[in-house]
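# Architecture at a glance
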Amino acid sequence: MAAASAVSVLLVAAERNRWHRLPSLLLPPRWVEGPTWVWRQRTMKYTTTTGRNITKVLIANRGEIACRVMRTARKLGVQSVAVYSEADRNSMHVDMADEAYSIGPAPSQQSYLSMEKIIQVAKTSAAQAIHPGYGFLSENMEFAELCKQEGIIFIGPPPSAIRDMGIKSTSKSIMAAAGVPVVEGYHGEDQSDQCLKEHAGRIGYPVMIKAVRGGGGKGMRIVRSEQEFQEQLESARREAKKSFNDDAVLIEKFVDTPRHVEVQVFGDHHGNAVYLFERDCSVQRRHQKIIEEAPAPGIKPEVRKKLGEAAVRAAKAVNYVGAGTVEFIMDSKHNFYFMEMNTRLQVEHPVTEMITGTDLIAAGEKIPLSQEEITLQGHAFEARIYAEDPSNNFMPGAGPLVHLSTPRADPSTRIETGVRQGDEVSVHYDPMIAKLVVWAADRQAALTKLRYSLRQYNIIGLHTNIDFLLNLSGHPEFEAGNVHTDFIPQHHKELLLSRKAAAKESLCQAALGLILKEKAMTDAFTLQAHDVAIAVTYNHDGSYSMQIEDKTFQVLGDLYSEEDCTYLKCSVNGVASKAKLIILENTIYLFSKEGSIEIDIPVPKYLSSVSSEGTQGGPLAPMTGTIEKVFVKAGDKVKAGDSLMVMIAMKMEHTIKAPKDGTIKKVFYREGAQANRHTPLVEFEEEESDKRESE
């Protein structure tokens, strides 16, 4: 076995299996319990034909995939080495690694895409292998070759397979020769405008212009008539040149409202290859996947078998080693055509692992299972949770995760993430926060579990697509399995339904949550929420009467803690509910099975402990945090609005300003000290007018 491909997908183990180690590529289903399986324990050693053991692996990536590889490395007793940019200095993958090395500034070209820097870290750390994850250098033939030259194992397929599958025109020629169905098109060398236009006319409009290199929708244009061909061709070329430094294109017949169906394949170094069934990745925005499922809905067994066999022919045609994905487009009659092959780990690999009960681990041995022994059980979904604004054309976002809580992971629920509460979603990289993966016995049960888990995924601090995913997974057409690549544009209006204005009952819940959280026992007062006045009267039986406009509500409830979260049990006019309660500054968040509600409530005057003025009119800490800078000392005279100090809370800076003119009597905190929420920060001297009022 050549060093470059000896352990082609080492360290891509399914997270659901935490209690066994077997030196094989594929493992039997794990959800069968009882005495059926007898596991023989022995130490795993991953070797090449040169006799080198892998004891340390460098992960040339970041985020959730770097964390996932490191978790598996730890289970296998393999040390992990992280590389990080300046923007990722405090990131989760850096903390998880046994060693971590800085490789440059935030821009990827100067850090994660710098082959020389990564190779140098591998040498410095004495890592025998490099795992590229997905994205960045994972499909870079030059990097795979460089690893081979330097005597470092590249955990991926042979460079020749990356080369052949990385150029669309080359890959389609190889596939056609191997008997894999391909879309009618032109993949030739002649790139003249006239030649391309003639072939488009021969194929018949609509056609798709595609950049020969790359992916992610870059350099792709749909041309529906001869009149717009030239304009779209020039546009595709410009984008391809900018993205891949190559403006060569190919022409293909455009399949209207197609499905995007891909097949997981696995090859070993002994010429064997198997398929692990298909995934449907049709629902996309900006030509990028947003939700995936396995198996594909509505696919008959005979079509499934043909898909798998075509994918195996594709893998064998390029002597593929390791885990790879053969992507097809499928029309409404379930005819399918080769699109491309991803020669790397896929973002959506977990759904395949869930339905086949396999761990995708390479040990340099023959594939231990025949095709007939690989069985499909149940159904799995993966939802990609992004920091983005679906209502603004899915504009990516960045910022701190002020609050982050997730569903509980279990054998049928996986949460793959590279961020924690308080971390930043960086403007420099992909805005994916996590992959939520669920499994159940059938598609409907898995869909129900997905929606349940999405409601438990609560994020505060930036826009996310969670509500959009809830709308999508609950759409009748999606429930019916009627998916295609135009699904989001076609159902755009229904999928982007905005939240309704908070109901009066929800305002009562929020008011009760604030009262209980702050332990206010005043008999009567008025709250202001969303410009609505809530007149609150405390009843001596422990309930509250709340009047909103001309309607009065009887409200009763209590708070309780569960798994480090605060919950509100509440009854409004006899209707009981339960919601997670989070209060940050002057905003109340309620997360329940019905969805999430965000309500702004100005701090009421009666709550002296949470008013903007504390001891002698001094300011209070808006939330728990660290005092970063102190600008004043005792005896200083300040004007209203002057900066007194800077707090760091959830990685956000909060400048604390003077609420009034006055003289500083005492500063309660030094730089670097921790201040709890609502504690006084500064005390003012008592003014003459204040003295007279108190006499």
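Just above sits the structure.
The following refers to the structure shown. (Residues numbered from 1 in each chain as written. Predicted model: local features only at pLDDT ≥ 70, side-chain atom pairs only at ≥ 80, totals over all residues. Heavy atoms only, no water.)

### Digging into the sheet that holds strand E9 (residues 249–253)
Taking strand neighbours across the sheet as the criterion, the four strands line up as E6-E9-E7-E8 in an open arrangement whose pairing is antiparallel. Both outer strands of the open sheet, strand E6 (185–186) and strand E8 (221–223), are each paired with one neighbouring strand and no more. In the packing of helix H6 (residues 168–177) onto the sheet, contacts are made with strand E7 (207–211) and E9, and the angle to E9 comes to roughly 50 degrees. Strands in contact with helix H8 (residues 229–244) are E7, E8 and E9; relative to E8, the strand with the most contacts, it is inclined by about 170 degrees. (Pairing = 2+ DSSP bridges. Helix = DSSP H or I, 4+ residues; strand = E, 2+ residues; numbered from the N terminus. Contact = heavy atoms within 4.5 Å. Axes fitted to C-alpha atoms, helices over the stretch in contact; angles between N-to-C directions.)

### Concerning the packing of aromatic side chains
Tallied over the entire structure, the rule returns ten aromatic pairs. Seen in terms of ring centroids, Phe478 and Phe487 are 6.2 Å apart; in terms of plane orientation they differ by 75 degrees. Their pairing is edge-to-face. The same class applies to Phe478 and to Phe487, which are both buried. On the basis of an interplanar angle of 20 degrees and a centroid distance of 5.6 Å, the ring pair of Tyr560 and Tyr567 is categorised as stacked. The partly exposed category is assigned to Tyr560, whose relative accessible area is 24%. In this structure Tyr567 comes out as buried when scored by relative accessible area, which is 14%. Among the aromatic residues, those joined into a cluster by ring pairs are Tyr112, Phe136 and Tyr429. Sitting above the plane of the Phe478 ring, Arg443 keeps its charged end 5.3 Å from the centroid. For the cation-ring pair, Lys660 lies above Phe684, with the distance from its terminal atom to the ring centre recorded as 5.6 Å. (Phe/Tyr/Trp six-rings, centres within 6.5 Å; stacked < 30°, edge-to-face > 60°. Buried < 20%, exposed > 50% of the residue type's maximum accessible area, 1.4 Å probe, protein only. Lys NZ or Arg CZ within 6 Å of the ring centre and 35° of its normal.)

### Notes on the packing of helix H7 (residues 193–203) against H8
Between H7 and H8, whose axes approach to 11 Å, the crossing angle comes to 120 degrees. Between H7 and H8, the crossing angle belongs to the class labelled oblique. Here H7 runs over H8; the crossing is right-handed. Residue-level contacts link Asp193, Leu196, Lys197 and Ala200 of H7 to Phe229, Gln230, Leu233 and Arg237 of H8. Along the lines of polarity and charge, the residues of the contact of H7 with H8 split into four nonpolar, one polar and three charged. (Parallel < 35°, antiparallel > 145°, perpendicular 65-115°, else oblique. Left-handed = near helix turned anticlockwise from the far one by under 90°. Nonpolar A, V, L, I, M, F, W, Y, C, P; charged D, E, K, R; others polar.)

### Description of the nonpolar core
Most often, soluble globular proteins keep nonpolar side chains buried together rather than apart. Formed by 40 residues in total, the largest nonpolar core has its most connected members in Val265, Leu307, Val326, Phe328, Phe338 and Met341. Those elements giving two or more residues to this core turn out to be helix H5 (159–166), strand E10 (259–267), strand E11 (273–280), helix H9 (301–317), strand E15 (322–330), strand E16 (336–342), helix H10 (349–356) and strand E24 (432–440). The greatest single-element share of this core, amounting to seven residues, is contributed by H9. In this structure Met341 touches Glu139, Met165, Val265, Ala315, Tyr320, Gly324, Thr325 and Val326, once residues within four positions along its chain are discounted. (Core = buried A, V, L, I, M, F, W, Y, C linked by side-chain atoms within 4.5 Å.)

### Let's talk about the environment of Met354
Tracing the chain through its elements places Met354 in helix H10. The exposure class of Met354 is buried, given its relative accessible area of 0%. Separated by 23 residues in sequence, Met354 and Gln377 place their C-alpha atoms 8.3 Å apart.

### Overview of the pattern of salt bridges
For the coordinates displayed, the defined rule picks out 33 salt bridges. Where Arg202 meets Glu184, a salt bridge forms, and the shortest distance between an N and an O atom there is 3.5 Å. Of the two residues, Arg202 sits in helix H7 while Glu184 sits in the loop between H6 and E6, which places them 18 residues apart along the sequence. Residue class for Arg202 comes out partly exposed when judged on its relative accessible area of 46%. The partly exposed category is assigned to Glu184, whose relative accessible area is 43%. Shared partners join several salt bridges into a network, and the residues in it are Glu262, Arg279, Lys289, Glu292, Glu327, Glu348 and Arg384. (Salt bridge = Lys/Arg side-chain N within 4 Å of Asp/Glu carboxyl O.)

### Things to note about helix H1 (residues 63–76)
With 14 residues, H1 extends 21 Å from end C-alpha to end C-alpha; this agrees with the ideal 20 Å at 1.5 Å per step. Within two residues after H1, Gly77 carries a phi angle of roughly 75 degrees, on the positive side. (Expected span 1.5 Å × (residues − 1).)

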